[in-house]
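Summary of the model geometry
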Amino acid sequence: QNAPVAPGRSEADAPASGWSFDISQLRVADSLLIWRQPGGDEYNFRNLNLNLNQDARHLANIELSTSLTRNQRNAVLSLKGQLDASQYPHRLSGKIDELNYALSGANMPPQGIKGTLSAQGSWRAETQQFALTQMQLSANDSALSGEATGSLTPPQQLALQLHATQLNLDNLMANAPQASESGTQHATVARAPVIAAPREQNNLDSPLNDMNLAVNLKADSAVWRGLSLQNFALDVTSQQGLIALRALSGKLGDGDFSVPGTVDIRQPETRVALQPVLNHVAIQPLLAAFDMPQTVQGAVSLKGDLSGEGLSLEAAKRRWRGEAQLNASDVKLAQLNLQQMVRRAVARASDRVSSDDSADQGIRQLSGTLALNNGVLHLANLQGEGDRLKLQGGGEVNMPTQQLDVTFGLTLTGWKGDDKVVALLSQQAIPLRMYGSWNKVQYSLPVDQLLRQQLQSEAKSRLNQWLERQPKNSDNDSLRKLLRP
């Protein structure tokens, strides 16, 4: 009571919560630091080594190294930098000359994540705002630069502006596909060893539910699930768990892609809504990226609308729904020449027609609609054409069971020989059915049945013509009744 009141202009000289940062020299060696948060979570920083030297101007040099183990994850870091506490407690600024880190354990890539960070930073106590500028970050073989700003006043704010010369997401994800040693293009999933079952995670654990986030990332080149991307761009905002993908785009080979949409993690179950657009993107690498058989070659353009629960690849294959319009060009089926299959089947069934082999075995243009329903991909209204070939058809592919059942109606031209058989084969679609396990597809091409029906119809027609020329009697009348359709 009765203490003098300081003028308002002297706020900078007020004490800071009863303590001050007035340490000239501090050494901590091989120690344990236990940090318990108000909520009860406890962090044990082991092997703590700290060297701090501060001069009379409150300019400090800091060297720090420690390790942290929590939830089956390990973190090791060492830091060298400077701290300017001359305006403490209202403002702190400093520089991280070099921070080396290594992360490993559950839900991490098998090789872990390690790299370095350097930056300049500042902190303002009155507004609870911080800023990191001139950031240089490496993570495995990825290299990024940029800046970060934010505030710790609820709801917390964080904005990132980043540029990457090389961004390898496969080396930063736990379950990214790894190339097989044999050099084949089949993707395999490498998983980190599990020592014990980790604590079950859900969206309630996500810090994004308590903060607003904005990320603007541009990468000269990037790798995701084996796909080599160029001019990759990501523009994301998150309002306390409602994530808007304003831009997710890039170039992929000779084509490009864009996947805007939303991701809602405000509930325990993640809800996704995406509107993918592909323009002339190679099909085979896409199949490899999504762990599908690489049996189709060509380029695809697609515009779709997808939604579902879960954000993993497995969730997309089982719990997403939606539709898409597709157009593909120069489509080829691996080890399957449709024209040649039909020609050989006809040659085995009849010697009355023949056709020259064509070097072109692909489908120049193919269009249709796709409908995804909880793992089952329905193909409808497929229309295509190639060298002397037209096709139409549809069917379905069951991704969870890895089964397919697709039927094409194939019509070929260029036949020579018997006029009636030529006319039949040039106008009648021959059904080609592909079914069974997609790793061991079975085929059905009933050309002989089609030709047999044609021969039966031709024989019946000739017999009818003969009967018309015969005098009417009871025997001929009975035969006519048998020949009626």
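Residues numbered from 1 in each chain as written. Predicted model: local features only at pLDDT ≥ 70, side-chain atom pairs only at ≥ 80, totals over all residues. Heavy atoms only, no water.

**Structural notes on the overall build of the protein chain**
- The helix and strand inventory of the protein chain stands at six helices and 28 strands.
- Taken across its 485 residues, the protein chain has 35% of its residues classed as buried.
- Within the protein chain, contacts between residues at least 6 apart in sequence are counted, and of these 47% link residues at least 24 apart.
- Put simply, the protein chain shows about 28500 Å² of open surface, and 51% of that area lies on carbon and sulfur atoms. (Helix = DSSP H or I, 4+ residues; strand = E, 2+ residues; numbered from the N terminus. Buried < 20%, exposed > 50% of the residue type's maximum accessible area, 1.4 Å probe, protein only. Contact = heavy atoms within 4.5 Å. Areas by Shrake-Rupley, 256 points an atom, 1.4 Å probe, with all protein chains shown as cover.)

**Some thoughts on the environment of aspartate 305**
- Structurally, the position occupied by aspartate 305 is in strand β19 (residues 296-309).
- Put simply, aspartate 305 and glycine 322 are 17 residues apart on the chain and 5.5 Å apart in space, counted from C-alpha to C-alpha.

**A look at the pairing of strand β18 (residues 277-282)**
- For strand β15 (residues 255-258) and β18, the ladder comprises three bridges, and the chain directions are antiparallel. Bridging across to β18, serine 258 finds its partner in valine 277.
- Two elements, β18 and β19, share four bridges in a ladder whose sense is antiparallel. Across the sheet, the residue bridging to valine 281 is valine 300, located in β19. (Pairing = 2+ DSSP bridges.)

**Things to note about helix α3 (residues 338-349)**
- Under the 1.5 Å per step criterion, the end-to-end length of α3 is 17 Å for 12 residues, consistent within 8% with the ideal 16 Å.
- Regarding α3, the residues found buried are Leu338, Gln339, Val342, Arg343, Ala345 and Val346. An end-on view of α3 places all buried positions within 165 degrees of arc, on one side of the element. Within α3, the exposed residues directed more than 90 degrees away from the buried face are Ala347 and Arg348.
- Where α3 begins, the side chain of asparagine 337 points an oxygen toward the backbone nitrogen of glutamine 339, at a separation of 3.2 Å. (Expected span 1.5 Å × (residues − 1). Arc of directions from axis to C-beta. Polar contact = N/O pair within 3.5 Å; in protein donor to acceptor, adjacent residues only side chain to side chain.)

**A look at the side chain of asparagine 337**
- With respect to the helices and strands, the residue asparagine 337 is situated in the loop between β20 (320-333) and α3.
- Classification of asparagine 337 by relative accessible area gives buried; the value is 14%.
- Side-chain polar atoms of asparagine 337 contact the backbone nitrogen of glutamine 339, separated by 3.2 Å.

**Some thoughts on the pattern of salt bridges**
- The full count for this structure, using the stated rule, is 11 salt bridges.
- Note that aspartate 291 is salt-bridged to arginine 225, the shortest N-O span being 3.3 Å. Placement of the pair is aspartate 291 in the loop between α1 (283-289) and β19 and arginine 225 in the loop between β12 (211-224) and β13 (227-239), with a sequence separation of 66 residues.
- The partly exposed category is assigned to aspartate 291, whose relative accessible area is 27%.
- For arginine 225, a relative accessible area of 10% corresponds to the buried category.
- For arginine 271, the salt bridge identified is with glutamate 309, shortest N-O distance 3.3 Å. Linking arginine 271 in strand β17 (residues 271-274) with glutamate 309 in strand β19, this pair joins segments that are 38 residues apart in sequence.
- Exposure remark for arginine 271: the relative accessible area of 47% places this residue in the partly exposed category.
- For glutamate 309, a relative accessible area of 15% gives the class buried.
- Here the residues in one salt-bridge network are Arg271, Glu309 and Arg321, joined through shared partners. (Salt bridge = Lys/Arg side-chain N within 4 Å of Asp/Glu carboxyl O.)

**Describing the confidence of the model for the protein chain**
- For the protein chain, the mean per-residue pLDDT works out to 84, and 83% of the residues sit at or above 70.
- The low-confidence segment residues 9-16 (pLDDT under 50) makes six contacts with residues lying over four places distant or belonging to another chain. (pLDDT = per-residue confidence, 0-100.)

**Some words on helix α4 (residues 419-427)**
- Residues of α4 that are buried include every one of Val421, Val422, Leu424 and Leu425, and no others. All buried residues of α4 project into a common sector of 160 degrees when viewed along the axis, lining one side. Those residues of α4 that are exposed and aimed more than 90 degrees away from the buried face are Asp419 and Gln427.

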